[in-house]
Amino acid sequence: MTARRFGFGRPLLALVIIGVAVIAAFPLVWMVLSSLKTPQESMQVPPVWLPRSPNFEAYREVSDVIDAGRSMLNSAIIATSATLGILITSLMAGYAFAKYSFKGRDTLFAIMIATMFLPPIVTLIPLYRIVSEMGLAGTLFGVILPQLGNAFGIFLMRQFIAGVPNDLIDAARVDGASELRVLFTVVAPAIVPAIAALALFAFTFHWNTYLWPLTVLQGNTDNYPIVLSLGRLLSYNRGAMNAGFVMAGATLAVLPPLVLFVFLQKFFVDSMVSTGVKG
Amino acid sequence: MASVKLERVSKSYEALTVLENIDLEIADGEFCVFVGPSGCGKSTLLRMIAGLEDISSGTLWIGERKVNALSPKERGIAMVFQSYALYPHRTVRGNMEFGLKLSRLPRAEIDRRVAKAAKMLQIEHLLDRRPSQLSGGQRQRAAIGRAVVRDPSVFLFDEPLSNLDAALRVSTRREIADLHRTLGATMIYVTHDQVEAMTLADRIVVLSDGVIQQVGTPLDLYATPANLFVARFIGSAQMNVMNATVAGLSNDTITLDVAGLGAVLIPALGRVPLEGDRVSFGIRPEHLAVDPEGPYRARAEAAENLGDHVLVEAGLPDGEPVLLKCGATARIARGDQMNFRLNGVDAHLFDADGLRISPAPGHEPTEPV
Ligand SMILES: Nc1ncnc2c1ncn2[C@@H]1O[C@H](COP(=O)(O)OP(=O)(O)O)[C@@H](O)[C@H]1O
Ligand SMILES: [Mg+2]
């Protein structure tokens, strides 16, 4: 105790944490600062740290090239639908794997886990062909559909639901709750932090995903999510080399996941959900 | 209100048979206790009645209805769990209302029932608290309240007192008995504690290894245990059981040669064994009386003073242990030699399979042997 309170451990630890935080935050800060610079400032060597006259010129330029609003909306539709889909299917499948006993359950679970180790690139073309056969190539729905379920989500939910006391579930059944109601009104509230974590993972992943929408959308730029549109900015900009312009697009793109994180953060912090069951 | 009837009910998990051919009738309004050691299948049986566990074979009736295929909700039961199982993110009121809302009861009726149950259980001041803000005893009341508001015809309790401390256990036990008297509902109560069973039950069902050993009133089980298992399980100081051989038979008396005691005469009533049969001789500690003139001897090894009586653990001449329950004034110290006597009518005889031979202890008094 005394060593901890008066020794070098604590300040040292704090220093390391601050160091890591600075390293992690630096690109983000640099991105935002660059987006506010003039083209000259963003190209200067040695680099200019702070823009002399911060301006939103780069943001205006972005909207000249791409329909940023439309792209953001597309991203929001994709990420939100995928996230909701993953939450619902993961909760339902996780509940079944955790709390039902049926023939072949463990084998099925093992097979499902195994799919997590399949490189996504391997399934890209087959998946595209299926979606294309369904006539969904080029559509947002085609992007979303295969993303509505996911092995990691099921795995995560199963692990947490397994920790929910059986008596709690039985009590709800005796009270007359259907299985769906048990899941969504008794089990889910008991694992809110895990659900929030999964929501954040899923949203961020599907906000940032690049290859899959690029493949499905087949150059239909109207349906491009913001990440694909950023790619278009890069190629548009190849001659001009205006980093500030790309950084402005990138800043726009990271905003929604960031806001979501701030919003969900409180669930991680007070994740001490009491189970109501004594020990 | 409803009776509960089980006909040849069995339960198995794949190859493992947990309960076998349970036949049982529980009368409307009865307080029935399932008691037995841990793992004997009590909870499984209760959960089958609740509808939380499939019935592998056999028929279950609640009232006039065959309920095998009905969901818990349709069976008109309510259950109280050992772990309380209160919904952690709901208040006590929210916990009590949950089932009623699902039944789409009118708001006014819900409020009326919650208020009534809360008053009866004295938890009115706790209605707006969450389970995490309650003590163990308060949680148990809230859990009972959640059962009461459903107005079930059958209450099911699975070891509801196990998580409470000793003092609370006694007072809550009394409250559950009061609740039974007030509501008049059928109650089925599971416990591994025979004291709880004896004090609460109208009728006790003793289970062991998934088989009913005996069904009867607390007094029945105590006075005429059907087999050695029940004899040893019921009674807070365990019955003494010794090996014996039938040494002689006359018209009205059996002479036994009991290991560690010697000759013991008991009245020949009911099924009489054959001469030379090996039997088990059982006698409760309170039926062994310390008496300097007594024919049997033992050496005290430990004495436990329980206030109103002293429980003496002693060794018979052959080294086997024997328990004696003596009056509070008995002065017995470790190492004391003592003499004692017993009355043959108090003895319980069991055959080689552990089944009871002797009938209910004779009401015709016989002379002490
Ligand atoms: N889901 C299950 N699968 C396999 N065996 C089980 C299951 N549930 C209970 N059992 C077995 O059934 C037996 C009785 O259990 P239980 O009814 O809980 O006993 P009790 O409540 O009397 O302590 C135990 O041996 C237990 O291992
Ligand atoms: Mg049990």
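Conventions and cut-offs
Residues numbered from 1 in each chain as written. Chains lettered and ligands numbered in written order. Predicted model: local features only at pLDDT ≥ 70, side-chain atom pairs only at ≥ 80, totals over all residues. Heavy atoms only, no water. Helix = DSSP H or I, 4+ residues; strand = E, 2+ residues; numbered from the N terminus. Buried < 20%, exposed > 50% of the residue type's maximum accessible area, 1.4 Å probe, protein only. Contact = heavy atoms within 4.5 Å. Areas by Shrake-Rupley, 256 points an atom, 1.4 Å probe, with all protein chains shown as cover. Lys, Arg positive; Asp, Glu negative; His and termini not counted. Charge placed at Lys NZ, Arg CZ, Asp CG, Glu CD. Near = heavy atom within 4 Å. Polar contact = N/O pair within 3.5 Å; in protein donor to acceptor, adjacent residues only side chain to side chain. Expected span 1.5 Å × (residues − 1). Bend = angle between axes of the 7 residues up to and from the residue. Pairing = 2+ DSSP bridges. Axes fitted to C-alpha atoms, helices over the stretch in contact; angles between N-to-C directions. Phe/Tyr/Trp six-rings, centres within 6.5 Å; stacked < 30°, edge-to-face > 60°. Lys NZ or Arg CZ within 6 Å of the ring centre and 35° of its normal. Buried area = accessible area lost by both parts, 1.4 Å probe. Salt bridge = Lys/Arg side-chain N within 4 Å of Asp/Glu carboxyl O. Nonpolar A, V, L, I, M, F, W, Y, C, P; charged D, E, K, R; others polar.

J.: Quick rundown of the overall build of chain B? Include the residues and the values.
T.: Check the secondary structure of chain B and you find eight helices and 20 strands. Projecting the C-alpha coordinates of chain B onto the three principal axes gives extents of approximately 75 × 45 × 40 Å. Across the 369 residues of chain B, 50% fall into the buried class. Taking contacts inside chain B between residues at least 6 apart in sequence as the whole, the part at least 24 apart equals 64%. Of the roughly 16,700 Å² that chain B leaves accessible, carbon and sulfur atoms contribute 48%. Here chain B holds 40 positive side-chain charges and 46 negative ones, and the gap between their average locations is 11 Å.

J.: Residue-level account of the site of ligand 1, with values.
T.: All names here are of chain B. Neighbouring ligand 1 are Y13, L16, V18, P37, S38, G39, C40, G41, K42, S43 and T44. One of the side-chain N or O atoms of T44 is found 2.5 Å from an oxygen atom in ligand 1. When ligand 1 is considered free in solution it has 560 Å² of accessible area, and contact with the protein chains removes 58% of it. Per-element accounting of the shell around ligand 1 gives the leading share, three residues, to helix α1 (residues 42-50).

J.: Give me helix α2 (residues 9-35) of chain A: which residues, what numbers.
T.: All names here are of chain A. Counted at 1.5 Å a residue, the expected span for α2 with its 27 residues is 39 Å, and the 39 Å between its end C-alpha atoms agrees. At A25, α2 shows its largest kink, close to 40°, and the proline P27 lies no more than four residues downstream. Within α2, the full set of buried residues consists of M31, L33, S34 and S35.

J.: Lay out the side chain of N240 of chain B with the relevant residues and their values.
T.: Residue and element names in this part refer to chain B. Residue placement: N240 occurs in strand β11 (residues 240-249). Reaching out from N240, the side chain makes a polar contact with the backbone nitrogen of L323 at a distance of 2.7 Å. Beyond its immediate stretch of four places on either side in the chain, N240 contacts F281, G282, I283, R284, P285, L288, V322 and L323.

J.: How would you explain the sheet that holds strand β13 (residues 262-267) of chain B if you had to name every residue and give the values?
T.: All names here are of chain B. Ordered in space as β13-β12-β11-β14-β20, the five strands form an open sheet in which the pairing is antiparallel. The sheet terminates laterally at β13 and β20 (348-350), the two strands that pair on one side only. Each strand axis lies, on average, 40° off the axis of its neighbour in the sheet, ignoring direction. Strand direction decides the pairing type here: strand β14 (residues 278-283) and β20, joined by three bridges, are antiparallel. Within the sheet, the bridge partner assigned to F281 lies in β20 and is L349.

J.: Could you give me a rundown of the pairing of strand β8 (residues 186-191) of chain B, with the residues and numbers involved?
T.: Residue and element names in this part refer to chain B. The buried fraction of β8 is high, at six of six residues. As judged from the five bridges shared by strand β3 (residues 31-35) and β8, these two strands associate in the parallel manner. Bridge pairing links F31 to M187 in β8. As judged from the five bridges shared by strand β7 (residues 154-158) and β8, these two strands associate in the parallel manner. The partner of V154 across the bridge, within β8, is T186.

J.: Describe helix α9 (residues 151-162) of chain A, listing the residues and the values that go with them.
T.: Residues and elements named next belong to chain A. Taking 1.5 Å of rise per residue, the twelve residues of α9 would be expected to cover 16 Å, and the 16 Å separating its terminal C-alpha atoms lies within 8% of that figure. A151, G153, I154, L156, M157 and I161 are the residues of α9 that are buried. In this structure, the buried side of α9 is in contact with α5 (68-99), α6 (105-115), α11 (179-190) and α12 (192-208).

J.: Tell me about the packing of aromatic side chains, and name the residues and values.
T.: Enumeration over the complete set of coordinates arrives at 16 aromatic pairs over all chains. Seen from their ring centres, F152 of chain A and F201 of chain A are 6.1 Å apart, and the 70° between their planes marks the pair as edge-to-face. One end of the pair, F152 of chain A, is in helix α9; the other, F201 of chain A, is in helix α12, with 49 residues separating them in the sequence. Given the relative accessible area of 32%, F152 of chain A is considered partly exposed. Members of the aromatic cluster, each reached through a chain of ring pairs, are F97, F102, F109 and F155 of chain A. For the cation-ring pair, K5 of chain B lies above W61 of chain B, with the distance from its terminal atom to the ring centre recorded as 5.9 Å. A cation over an aromatic ring shows up here: R284 of chain B above the ring of Y222 of chain B, its NZ or CZ 4.0 Å from the ring centre.

J.: Describe the interface of chain B and chain A, and please don't skip the residues or the numbers.
T.: If you look at the interface, chain B gives 26 residues, while chain A gives 19 residues. Carbon and sulfur atoms supply 60% of the area that chain B and chain A bury against each other, a total of about 2,000 Å² over both sides. Looking at the side of chain B facing chain A, the largest losses of area belong to Y87, P88 and L102 of chain B, adding up to 23% of the total buried there. Summed over the shared surface of chain B and chain A, the number is two salt bridges. If you look at where chain B meets chain A, you find eight residue pairs in polar contact (both at pLDDT 80 or more). Those elements giving two or more residues to the side of chain B that touches chain A turn out to be β6 (77-80), α2 (92-102) and α4 (136-148) of chain B. Ranked by residue count, the leading element in the side of chain B that touches chain A is α2 of chain B, at four residues. Here the residues of the side of chain B that touches chain A are counted per class, giving 14 nonpolar, six polar and six charged.

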